[in-house]
There are 2 protein chains.
Amino acid sequence: MKLQKITKKEKHRLYDDACGIAHALDLVGERWALLVMRELLFGPKRFSDLRDSLPGISANVLTQRLEGLEASGLLVKRKLPPPAASQVYELTEWGYESEPVIRTLGKWAARSPMHDPTRPVSSVSIMLSMRTMFDGARTKGFAGSIGFQLEDESFVGRIADGRLELERGPHDGADAVFTGTARLLAAALYSGMPLTAMIDKNMLKVDGDLALAKKFVTFFPLPAKAQAASNS
Amino acid sequence: MKLQKITKKEKHRLYDDACGIAHALDLVGERWALLVMRELLFGPKRFSDLRDSLPGISANVLTQRLEGLEASGLLVKRKLPPPAASQVYELTEWGYESEPVIRTLGKWAARSPMHDPTRPVSSVSIMLSMRTMFDGARTKGFAGSIGFQLEDESFVGRIADGRLELERGPHDGADAVFTGTARLLAAALYSGMPLTAMIDKNMLKVDGDLALAKKFVTFFPLPAKAQAASNS
DNA sequence: CGGCATCCGGGAAGATACTG
DNA sequence: CAGTATCTTCCCGGATGCCG
């Protein structure tokens, strides 16, 4: 029977510590929680979209995390108006403010000696990594808009005055458009493989201004790896 | 029998995701891991010091986290020379570079509407929070050194040219010295209670230049709270 | 005492199946 | 599509005990 359903304990294991870090971990320290936040940084998503973006998460865990994050005031469950009355999860204002946290974390981890970049990535991951690794100083005199068509998600980026704006949405009229998988876009940006080679091998497609696209992929330098400490 | 001991799994549950965030969580995403890192940010500590600084951690979990962080190249186990041949754990260079991550996280969480600051804090926590919340613009024309004697740990801070340096170590010759618990120092910095009131009530002791100490505690503004989303 | 191994109970995570 | 139910696995937390 589910009579006792009312007596929900609802007390996760908390750190008994007033430190901000400990409190942060009470909020987003559970497994998957921060990755759920990451997936929502470019706008609301549905349950299934989240599930598909997070390889390995199971439905019940995703449910729990969404409940927890909602209870913490980091996201809200919202119902879209009748035409396409699907449910979406959207970060609150404070939730969106976690982006610097997530970026800082990612930038730090990028220096890990044991980072394996051959695994799959979500579209949001690669878009977020561009915001993180963007080096405005490299864009001297550059201006343009670039579109990204990754599977069924589209994004558009604009560079001007050394700044990058990047958001989810249609890329109509962009100067150049990349089409392919998130993983292959990551290779183009970070592996050092020449963009033309990737295009020749049909790994990635670029429509529009190819010269602009080739410059674009040089704006995202990876930090130097930390030296590996005596590992096994 | 422990014959099968050789078949060490050694594979924690990893996120199958090349994103930097996921990798970061593979490194420090386990429970307590980031708090262990935090405790080491001001220098090496012994096993027992860590245990005492982290209310609620159990010895075996601490052992596991130290093993994991060492395997990840974030800290090293070091043996001090014979006079006091105790073992200490010390962050690697890359480990120390996690400070921005930890600070960003703490600053973000400080805006949480449901942060309870009445719980105990470790000495390192409060020192780190000062580095995090320090507002150099408030120190116009201020210069001085301040010591902190928190239980049996001592720290010293120097402010000049709008910058704060803060480290573990003796505070001989400091212009003013705070003596008390980390929790009460936190109250002096963040609760808004006047420093003189805390001194009158014997909660905190200040030796040396009291006027300087009173200015000092105004240099660490807390960010505004995020508005509470419809919570229970 | 410091550091670590071991055993155990509870609960969170993972996988799968099922329902509205 | 959006979850819930159930079962298994494994991690976390606490206690004990070994060993230098």
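One can find the structure itself at the top, above this paragraph.
Residues numbered from 1 in each chain as written. Chains lettered and ligands numbered in written order. Predicted model: local features only at pLDDT ≥ 70, side-chain atom pairs only at ≥ 80, totals over all residues. Heavy atoms only, no water.

### Description of the protein's contact with DNA strand C
- Close to DNA strand C lie 18 residues, the nearest being Arg31(A), Trp32(A), Asn60(A), Arg65(A) and Phe47(B).
- By atom count, sugar and phosphate contribute 81% of the portion of DNA strand C lying within 4 Å of the protein.
- Separating a sugar or linking oxygen of DNA strand C from a side-chain N or O atom of Ser48(B) is a distance of 3.0 Å.
- Elements supplying a minimum of two residues to the surface near DNA strand C: α4 (59–71) of chain A together with α3 (47–53), α4 (59–71) and β2 (87–91) of chain B.
- In terms of residues, the surface near DNA strand C owes the most to one element, α4(A), which gives four residues. (Near = heavy atom within 4 Å. Polar contact = N/O pair within 3.5 Å; in protein donor to acceptor, adjacent residues only side chain to side chain. Helix = DSSP H or I, 4+ residues; strand = E, 2+ residues; numbered from the N terminus.)

### Focus: the sheet that holds strand β4 (residues 153–160) of chain A
All names here are of chain A.
- Ordered by their spatial adjacency, five strands build an open sheet running β5-β4-β3-β6-β7, and the pairing between neighbours is mixed. Strand pairing shows two members of the sheet lacking a second neighbour, β5 (163–168) and β7 (205–208), which therefore form its edges. If you compare each strand with its neighbour and ignore which way they point, the axes differ by 20 degrees on average. (Pairing = 2+ DSSP bridges. Axes fitted to C-alpha atoms, helices over the stretch in contact; angles between N-to-C directions.)

### Side note on the packing of aromatic side chains
- Here the structure, examined in full by the defined rule, presents 20 aromatic pairs over all chains.
- Taking the centre distance of 6.3 Å and the plane angle of 70 degrees together, the rings of Phe216(A) and Phe219(A) count as edge-to-face. The burial state of Phe216(A) is the same as that of Phe219(A); both residues are buried.
- For the ring pair Phe178(B) and Phe216(B), a centre distance of 6.2 Å and an interplane angle of 45 degrees mean the geometry is tilted. Of this pair, Phe178(B) sits in strand β6 (residues 176–180) while Phe216(B) sits in helix α10 (residues 210–216); the two residues are 38 residues apart in sequence, bridging distant segments of the chain. The same class applies to Phe178(B) and to Phe216(B), which are both buried.
- Taken together, the ring pairs connect Phe134(A), Phe142(A), Phe148(A), Phe178(A), Phe216(A), Phe219(A) and Phe220(A) into an aromatic cluster.
- Lying across the ring of Tyr15(B), Arg31(A) places its NZ or CZ 4.3 Å from the centre. (Phe/Tyr/Trp six-rings, centres within 6.5 Å; stacked < 30°, edge-to-face > 60°. Buried < 20%, exposed > 50% of the residue type's maximum accessible area, 1.4 Å probe, protein only. Lys NZ or Arg CZ within 6 Å of the ring centre and 35° of its normal.)

### A short note on the relation of the copies chain A and chain B
- Relative to chain B, chain A is turned by 180 degrees and slid 0.0 Å along the rotation axis, the superposed coordinates differing by an RMSD of 0.0 Å. In symmetry terms, the pair is related by a two-fold rotation axis.
- Both copies present the same face, since 100% of the interface residues in chain A are matched by interface residues at the equivalent positions in chain B. (Least-squares fit on C-alpha atoms with pLDDT ≥ 70 in both. Contact = heavy atoms within 4.5 Å.)

### Considering the pairing of β5(A)
Residues and elements named next belong to chain A.
- As paired elements, β4 and β5 share six bridges and run antiparallel to each other. What sits directly across from Val 156, in β5, is Glu 167.
- Two successive antiparallel strands, β4 and β5, enclose a turn made up of two residues, where Asp 161 displays a positive phi of approximately 55 degrees.

### A closer look at the sheet that holds β6(B)
Residue and element names in this part refer to chain B.
- Spatial strand order, β5-β4-β3-β6-β7: five strands in an open sheet with mixed pairing. Two strands in the sheet have a free side with no partner beyond their single neighbour: β5 (163–168) and β7 (205–208). Strand after strand, the sheet turns through a mean of 20 degrees between neighbouring axes, direction not considered.
- Direction of pairing for β6 relative to β7: antiparallel, over a ladder of four bridges. Each residue of the ladder has a partner; that of Thr 179, found in β7, is Lys 205.

### Side note on the protein's contact with DNA strand D
- Around DNA strand D, the structure places 20 residues, and the nearest of them are Ser48(A), Tyr89(A), Arg31(B), Trp32(B) and Asn60(B).
- At 3.3 Å from a sugar or linking oxygen of DNA strand D is found a side-chain nitrogen or oxygen belonging to Arg13(A).
- Among the elements of the structure, α3 (47–53), α4 and β2 (87–91) of chain A together with α4 of chain B are those that each provide at least two residues to the surface near DNA strand D.
- Here the surface near DNA strand D gets four residues from one element, more than from any other, and that element is α4(B).
- Among the residues forming the surface near DNA strand D, the class breakdown is five nonpolar, nine polar and six charged. (Nonpolar A, V, L, I, M, F, W, Y, C, P; charged D, E, K, R; others polar.)

### Regarding the nonpolar core
- By size, the foremost hydrophobic cluster in this structure holds 138 residues, and its most contacted members are Phe148(A), Phe178(A), Phe148(B) and Phe178(B).
- In contact with Phe148(A), not counting residues within four places along its chain, are Met127(A), Met130(A), Glu153(A), Ser154(A), Phe155(A), Gly157(A), Leu166(A), His171(A), Phe178(A), Leu185(A) and Phe216(A). (Core = buried A, V, L, I, M, F, W, Y, C linked by side-chain atoms within 4.5 Å.)

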